[in-house]
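Letter by letter, the chains look like this.
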Amino acid sequence: MTTKDIEKPIPSNHEVESVGVKIEGAKDQVIRERKLSMMSRPNEIKAMIPNFDLSDDELIVLGLEKEDDGWHVPNRQYFPNPISKDSVLINYGRKEDGTIDLGFCSQDEFAKIYAHTDQYKQGKITYINPVEIKKGEIIDATKCATGEFTLMPEGTQIKTNEGDVTVRPGQILIINENKNSVFASDISEMLKRYVADPMNPASKKAFELLRSFEEQKKTAKPEELAELFNKLVSEYNGIERKSKVYKSYFAETDIETLRDDFKHAAEVVKELDREISTRINSMDFGSRVEEARVVLREIIADTKNTPEQENIKISYVLARLLPKTNNHQHLKGSVPMETLLERARIHKFSEEQIAAIKNAYTNGEDGFENLDAFNKAYETIGSAIRTPEDYQAAVKGVIEEATRAGQLTTEIRCSVIGQRDDSGNTLDPHVATENILEAMEKSRADIGEEAPKVGFTFLGYRGRDWKPEEVIEHAKLAVEFAQKYPDKKFSFDIAGPEDTGYNPAHFKEGFDLIKEYNNKIKSGEIKGELIGVTIHAGETPTYNEGKRGNESIEEALEMGANRIGHGVQAVSNLETLDHLKKSGATVEICGVCNISSIPLNTRGMAIHPVQEFINQEIPITICTDNDAICGTNITKEYAQFLLTGHSELMNWNNVKEAAKNGIKSSFISDRDKEQALKVFNERIRIIERLVTEERDNVEIEKIREALKNMKEAA
Ligand SMILES: [Zn+2]
């Protein structure tokens with residue numbers, strides 16, 4: 001959205017710094033020195049090249065208004081000039097007051113920013129060439145672009161694409177150096193359409209300043225605005241711009257390259273996992289710390305490492321040691337390969353079937369083409385988990401793996417309806433549940449005090465080939481078991497493809513049962529643990545047969561979700577982000593699954609919106625979804641974000657915060673939670689001491705430096 005200086009400058013009593021020179025365009029030295037990168041939010045619009053041969057009445061129907069100087073869009077504040085013959089008319093959707101939000105831009109500008117929506121949804125960005133648009137034809141386009149911006153002091157004269165502008169308080173310049181174009185926009189408008197460049201800490205810092213300016217502006221008196229703006233400009237100019245992190249990822253480049261970068265990062269993570277995780281793999285924390293110490297010294301002594309490689313490896317060690325949780329992990333999709341192969345052999349699988357299982361594990365690491373391929377792998381891997389013994393072995397495998405990964409809590413989640421016994425008879429779901437609970441207890445007892453705290457989640461599946469009433473049945477079971485075992489924590493989840501017509505509200509009956517039970521606990525009528533509610537929502541761009549994915553999150557919140565599974569579509573809508581924040585719900589982030597395994601889930605953005613959640617201060621918890629099928633594990637999840645330039649996440653304080661949020665939001669009993677948090681704090685102190693207690697060792701200084709860099713990365 002562009003804006004022009006049509007209002008009189010706001011009167012100010014303060015002296016204003018002025019650059020004194022007139023800025024002629026985007027290539028001006030002062031702009032080059034001050035600009036920063038950013039990314040646009042994907043924004044669906046409808047576009048048209050208006051046919052001015054039409055009658056006045058027909059043009060009025062399009063929403064245009066006739067003036068002496070030509071045809072205008074009603075939004076005169078941002079589009080003061082008449083629309084020209086080579087402009088593209090843009091329908092941004094409806095405004096809050098219900099009227100249509102119309103704007104326009106030049107064909108050149110359009111070609112640079114807008115891509116075909118249908119292809120965008122398939123994960124491909126093809127920019128639209130306006131020459132190919134027929135006059136009067138309405139087309140769907142999605143705004144997706146990188147951009148640059150800068151702030152200039154009030155009063156600066158600038159030649160923009162819309163004519164000469166005198167910068168007034170609250171205005172920001174949007175730059176395209178290649179085209180030597182400059183647009184002036186209001187900061188509030190710009191924040192609606194752009195996010196910080198996740199690769200660029202300076203950009204993130206600038207966005208923080210802009211948001212804080214907007215916040216302060218709300219309560220400022222008109223006469224204070226200029227001073228506030230001057231302060232913003234001077235703080236903006238003071239931002240350290242040189243510290244770009246992890247060079248190659250998420251530079252301004254096309255989606256294919258981003259995807260390649262992500263794949264490359266995944267390869268590096270795979271290698272680190274083999275190199276490091278396998279060596280820090282003891283069941284007890286004390287031994288893992290000593291193992292880590294050895295690995296750290298080797299990394300530092302290795303002169304072949306570049307400083308960047310060294311930094312990444314040290315961060316990986318810290319991520320491995322970090323006390324973690326895994327609040328979104330499907331049992332069947334997360335069975336360790338050895339456990340699964342053992343079950344397959346017990347079931348006398350053919351060599352071919354065993355090869356297919358091994359294949360599925362490898363394919364998982366490489367990612368899936370689409371949701372069907374993912375489901376097929378799920379079937380293959382799940383095929384060896386059928387009998388009660390299989391489920392027990394699966395639970396044992398997952399809990400042991402969690403212990404080695406340093407998890408303080410874990411949640412076992414699966415469907416308990418439709419399980420079968422050895423002879424193939426359907427198991428009563430109560431029996432199936434008891435079987436799993438028993439395995440959870442036994443595995444923990446075998447491991448001893450290092451074992452993570454556990455909770456159980458009843459998972460209802462809403463796929464087309466499943467019965468929706470079974471989802472409600474799972475909610476009922478959650479209530480029954482919560483009543484039966486008041487000292488244990490149970491929870492309820494809905495998973496499966498979202499675009500089936502079974503939206504969260506479709507299962508309101510189940511959520512109501514849980515709400516009713518929880519109200520009795522809250523009022524003290526009965527004693528026990530509250531039943532946790534999480535819902536897979538906003539995982540895919542659409543749900544409920546074509547509705548926008550973010551609305552599914554809204555529905556899930558209405559149904560009383562304490563946590564949202566995936567939730568990536570929340571970032572497509574500011575209101576949803578706002579509701580999410582106000583609800584206090586935690587988002588279960590499954591990065592590898594969202595981007596690498598099923599890239600369509602994030603619209604092939606190749607950039608996980610985790611950064612946006614952190615920026616918005618929405619609590620997140622890092623999870624794996626399906627370790628086996630997605631070829632991931634909880635340490636890899638942290639590392640993948642680190643390597644793909646999500647530096648804010650891997651800023652040590654934020655890492656700790658995400659891990660701690662994981663415990664706070666995990667569905668384990670209150671008593672378990674309290675104990676887990678205590679252990680968390682103790683272990684963090686030990687990990688941080690691992691770094692500082694080696695103070696005399698000069699080499700170890702580098703670790704402290706790395707830790708410091710992580711802290712300051714944002
Ligand atoms: Zn899931």
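Computed from a predicted model, the values in this text were never measured in an experiment.

### Some thoughts on the overall build of the chain
In step 1: Broken down by element type, the chain carries 25 helices and 23 strands.
In step 2: Taking all 714 residues of the chain together, 48% fall into the buried category.
In step 3: When contacts within the chain are restricted to residue pairs at least 6 apart in sequence, those whose partners lie at least 24 apart make up 72%.

### A closer look at helix H9 (residues 285–301)
In step 1: The end-to-end C-alpha separation of H9 is 24 Å, in line with the 24 Å expected for 17 residues at 1.5 Å each.
In step 2: Listing the buried residues of H9 in full gives Arg 288, Ala 292, Val 295, Leu 296, Ile 299 and Ile 300. Buried residues of H9, seen end-on, are gathered within an arc of 130° and therefore sit on one face of the element. Of the exposed residues in H9, those oriented more than 90 degrees away from the buried face are Gly 286, Glu 290, Val 294 and Ala 301.

### As for the packing of helix H16 (residues 468–484) against helix H17 (residues 508–522)
In step 1: Contact geometry of H16 with H17 gives a least axis separation of 8 Å together with a crossing angle of 15°. Of the possible angle classes, the one that applies to H16 and H17 is roughly parallel. H17 is crossed by H16, and the crossing has left-handed handedness. Of H17, the residues touching H16 (which contributes Val 471, Ile 472, Ala 475, Lys 476, Ala 478, Val 479 and Ala 482) are Glu 509, Gly 510, Phe 511, Leu 513, Ile 514 and Tyr 517.

### Section: the sheet that holds strand S15 (residues 409–414)
In step 1: Taken together, 7 strands build an open sheet; the order of strands is S15-S16-S17-S18-S21-S22-S23 and the sheet is parallel. Only two strands of the sheet have a single neighbouring strand rather than two, namely S15 and strand S23 (620–622). Averaged over all pairs of adjacent strands, the angle between their axes in this sheet comes to 25°, without regard to strand direction.
In step 2: Most of the contacts of helix H15 (residues 429–447) go to strand S16 (residues 453–461), to which it runs at about 155°, and overall it touches S15 and S16.

### Thoughts on the sheet that holds strand S6 (residues 100–106)
In step 1: Taken in spatial order, the 5 strands make up an open sheet running S6-S5-S2-S8-S7, and their pairing is antiparallel. In the strand order of this sheet, the two ends are held by S6 and strand S7 (114–116), each with one partner. For this sheet the average axis-to-axis angle between neighbouring strands, irrespective of direction, equals 40°.
In step 2: Here strand S2 (residues 43–48) runs beside strand S5 (residues 87–94); their pairing, made up of 3 bridges, is antiparallel. Paired with Met 48 across the bridge in S5 is Leu 89.

### Notes on the packing of H9 against helix H10 (residues 307–321)
In step 1: Where H9 meets H10, the closest approach of the two axes is 10 Å, and the angle between their N-to-C directions is 180°. By the angle between their directions, the pair H9 and H10 is classed as roughly antiparallel. For the pair H9 and H10, contact is made by Arg 288, Val 289, Ala 292, Val 295, Leu 296, Ile 299 and Ile 300 and by Glu 310, Lys 313, Ile 314, Val 317 and Leu 321, respectively.

### Examining the confidence of the model for the chain
In step 1: In this model, the chain carries an average pLDDT of 83, and 84% of its residues clear a pLDDT of 70 or more.
In step 2: Below pLDDT 50 for its whole length, residues 1–19 participates in 49 contacts with residues either more than four positions away or in separate chains.
In step 3: Counted against residues more than four places away or in other chains, residues 243–252, with its pLDDT under 50, gives 25 contacts.

### Some remarks on unusual backbone geometry
In step 1: With a phi angle near 75°, His 566 is a residue other than glycine that sits in the positive phi range.
In step 2: Along the chain, the position of His 566 falls in strand S21 (residues 563–566).
In step 3: On the neighbour-count criterion, His 566 (27 C-beta atoms within 10 Å) is buried.

### Side note on the environment of Ala 478
In step 1: Note on placement: Ala 478 falls in helix H16.
In step 2: Here Ala 478 falls in the buried class, since 26 other C-beta atoms lie within 10 Å of it.
In step 3: Taking the C-alpha atoms as reference points, Ala 478 and Leu 459, 19 residues apart in sequence, are found 9.5 Å from one another.
In step 4: In contact with Ala 478, not counting residues within four places along its chain, are Phe 458, Phe 490, Ser 491, Phe 492, Ile 514 and Ile 531.

### Some remarks on the environment of Arg 548
In step 1: You can see Arg 548 is positioned in strand S20 (residues 547–548).
In step 2: Sequence separation of Arg 548 and Gly 538 is 10 residues, and the distance between their C-alpha atoms is 8.4 Å.

### Quick notes on the environment of Ile 83
In step 1: When you line up the elements, Ile 83 lands in the loop between strand S4 (70–72) and S5.
In step 2: A tally of 21 C-beta atoms within 10 Å means that Ile 83 is categorised as buried.
In step 3: In this view, Ile 83 contacts Pro 50, Trp 71, His 72, Val 73, Leu 89 and Phe 104; residues no more than four positions away in its chain are not counted.

### Some thoughts on the pairing of strand S17 (residues 490–495)
In step 1: Within S17, 6 of the 6 residues are buried, which leaves the element mostly enclosed by the surrounding structure.
In step 2: Along S17, one buried face is formed by Phe 490, Phe 492 and Ile 494 and the opposite face, lined by Ser 491, Asp 493 and Ala 495, is buried too.
In step 3: Pairing of S16 with S17, which is carried by 6 bridges, proceeds in the parallel orientation. Within the sheet, the bridge partner assigned to Phe 458 lies in S17 and is Phe 492.
In step 4: Bridge count between S17 and strand S18 (residues 532–537): 4 bridges; the pairing is parallel. Bridge pairing links Ser 491 to Gly 532 in S18.

The rules behind these values
Residues numbered from 1 in each chain as written. Predicted model: local features only at pLDDT ≥ 70, side-chain atom pairs only at ≥ 80, totals over all residues. Helix = DSSP H or I, 4+ residues; strand = E, 2+ residues; numbered from the N terminus. Buried ≥ 20, exposed ≤ 12 C-beta atoms within 10 Å, placed from the backbone. Contact = placed C-beta atoms within 7 Å. Expected span 1.5 Å × (residues − 1). Arc of directions from axis to C-beta. Axes fitted to C-alpha atoms, helices over the stretch in contact; angles between N-to-C directions. Parallel < 35°, antiparallel > 145°, perpendicular 65-115°, else oblique. Left-handed = near helix turned anticlockwise from the far one by under 90°. Pairing = 2+ DSSP bridges. pLDDT = per-residue confidence, 0-100.

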